[in-house]
Amino acid sequence: MKEILKLEHIQKFYGNQGNLTKAIKDISFSVNNREFVGIMGASGSGKTTLLNCISTIDTVSAGHIYLEGTDVTEIKEKALARFRRENLGFVFQDFNLLDTLTISENIALALTINHTRVEQIERKVMEMAGSLNIMDILDKYPYQVSGGQKQRCACARALINRPKLILADEPTGALDSYSSQMLLGTMQSINEQLGATILMVTHDAFTASYANRILFLRDGVIFTEILKGQDSRKVFFDKIMNVLTMIGGGQTDVC
């Protein structure tokens, strides 16, 4: 299977020589096309820092990150915004929608910035909204729709440019249990039916059970990983909980 993302001995340090914090000590792994990978770990394990490095929001102290063969760590700062727009899709815990734009305009934002032709924007927005079952709210504003609908809008916005990689940071963190299940079903469909490659950080075992593979971080390194394989989601959930117990806490206090 085609390799989309590859990390080689990533390290991230904060502070100076007298007061150095090693958030990521040495992490290497790869993600293949159409994979749905989850990242979990206790508070301070380095998972959010890792996601920030992959997204180019933060720079690495050592090591290399490749996205389809392109060394992301070598991209100049002036070119990073364009690189993100063309290659990455983001789904955040707090949606990050613009209240002054309609749902349709929020979804189309990346296309508008890239000066895509109006007729192409309209077609792509309609296609994506249809795939995510939000056609009926396109003319509404974010404050007029539910949290689950906002998050599906965020998913549509992340997918509109057909990015190589979707990065999801605690995507269910601001949702109730029903909306969480709806969103996770949507993300699973995005992965299985639209072929999106997803890398998701989460503290929640239920959310993680929708992924195909989980990487567990502890103290800045990969502690272990588990694959779903042919397991049911319930069996996979139990395996996730067992690992979380080993690395220091259950579902309620691992973040």
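Residues numbered from 1 in each chain as written. Predicted model: local features only at pLDDT ≥ 70, side-chain atom pairs only at ≥ 80, totals over all residues. Heavy atoms only, no water.

**Comments concerning the sheet that holds strand E7 (residues 165-169)**
Each strand in a sheet pairs with its neighbour through backbone hydrogen bonds, running either in the same direction (parallel) or in the opposite one (antiparallel). Cut-off, in case you're wondering: By this definition, two strands are paired if DSSP reports at least two bridges between them. Only DSSP runs of H or I covering at least 4 residues are called helices, and only runs of E covering at least 2 are called strands; the numbering of each starts at the N terminus. Axes, fitted as lines to C-alpha atoms, cover a helix only where it is in contact. Angles between the N-to-C directions of the axes lie from 0 to 180 degrees. Any two residues whose heavy atoms approach within 4.5 Å at even a single point are treated as in contact.
With mixed pairing, six strands are arranged side by side in an open sheet as E6-E7-E8-E3-E9-E10. Lying at the two open borders of the sheet, with one neighbouring strand each, are strand E6 (88-92) and strand E10 (221-227). Pairwise comparison of adjacent strand axes, ignoring direction, gives a mean angle of 20° for this sheet. In this structure, strand E9 (residues 213-218) lies alongside E10, joined through six bridges in antiparallel fashion. Paired with phenylalanine 216 across the two strands is threonine 224, which belongs to E10. Sheet strands in contact with helix H7 (residues 177-192) are strand E3 (36-41), E7 and strand E8 (198-201), and its direction is about 150° off that of E8.

**Examining the environment of tyrosine 210**
Short version of the rule: Categorising residues by exposure relies on relative accessible area from a 1.4 Å probe, with only protein chains included: less than 20% of the type maximum marks a residue as buried, more than 50% marks it as exposed, and the intermediate range marks it as partly exposed.
Within the secondary structure layout, tyrosine 210 lies in the loop between helix H8 (205-208) and E9. Relative accessible area serves as the criterion here: at 7%, tyrosine 210 is assigned to the buried category. For the pair formed by tyrosine 210 and phenylalanine 36, sequence separation is 174 residues and the distance between their alpha carbons is 8.2 Å. Setting aside residues up to four positions removed in sequence, tyrosine 210 forms contacts with Phe36, Gln181, Leu184, Gly185, Gln188 and Arg233.

**Side note on the nonpolar core**
Buried together is how nonpolar side chains tend to be arranged in soluble globular proteins. Here is the rule: Here, nonpolar core means buried Ala, Val, Leu, Ile, Met, Phe, Trp, Tyr and Cys residues that are tied together by side-chain atoms lying within 4.5 Å of each other.
Core analysis: the largest hydrophobic core is formed by 48 residues, its most contacted members being Ile107, Met187, Ile198, Ile214, Phe216, Ile240 and Leu244. Counting residues in each nonpolar core, the second largest holds 26 residues, with Ile24, Ile54, Phe83 and Val201 among its members.

**Quick word on helix H5 (residues 118-131)**
The line we're drawing: In this scheme, a helix's expected span is set at 1.5 Å multiplied by one less than its residue total.
The end-to-end C-alpha distance of H5 is 20 Å, a good match for the 20 Å that 14 residues give at a rise of 1.5 Å each. Contacts made by the buried residues of H5 are with helix H3 (103-107), helix H4 (109-113) and helix H6 (147-159). Asparagine 133 lies just past H5 and shows a positive phi near 60°.

**Description of the packing of aromatic side chains**
How we decide: Stacked, tilted and edge-to-face are the three classes assigned to paired rings of Phe, Tyr and Trp, where Trp is represented by its six-membered ring and a pair needs centres within 6.5 Å; plane angles under 30 degrees give stacked, over 60 edge-to-face, the rest tilted.
What the rule picks out here adds up to three aromatic pairs. Seen in terms of ring centroids, phenylalanine 90 and phenylalanine 92 are 5.8 Å apart; in terms of plane orientation they differ by 5°. Their pairing is stacked. Overall, the relative accessible area of 25% leaves phenylalanine 92 in the partly exposed class. Between phenylalanine 206 and tyrosine 210, the ring centres sit 5.7 Å apart and the planes meet at 75°, which makes this aromatic pair edge-to-face. On the basis of relative accessibility, which here comes to 26%, the residue phenylalanine 206 falls in the partly exposed class.

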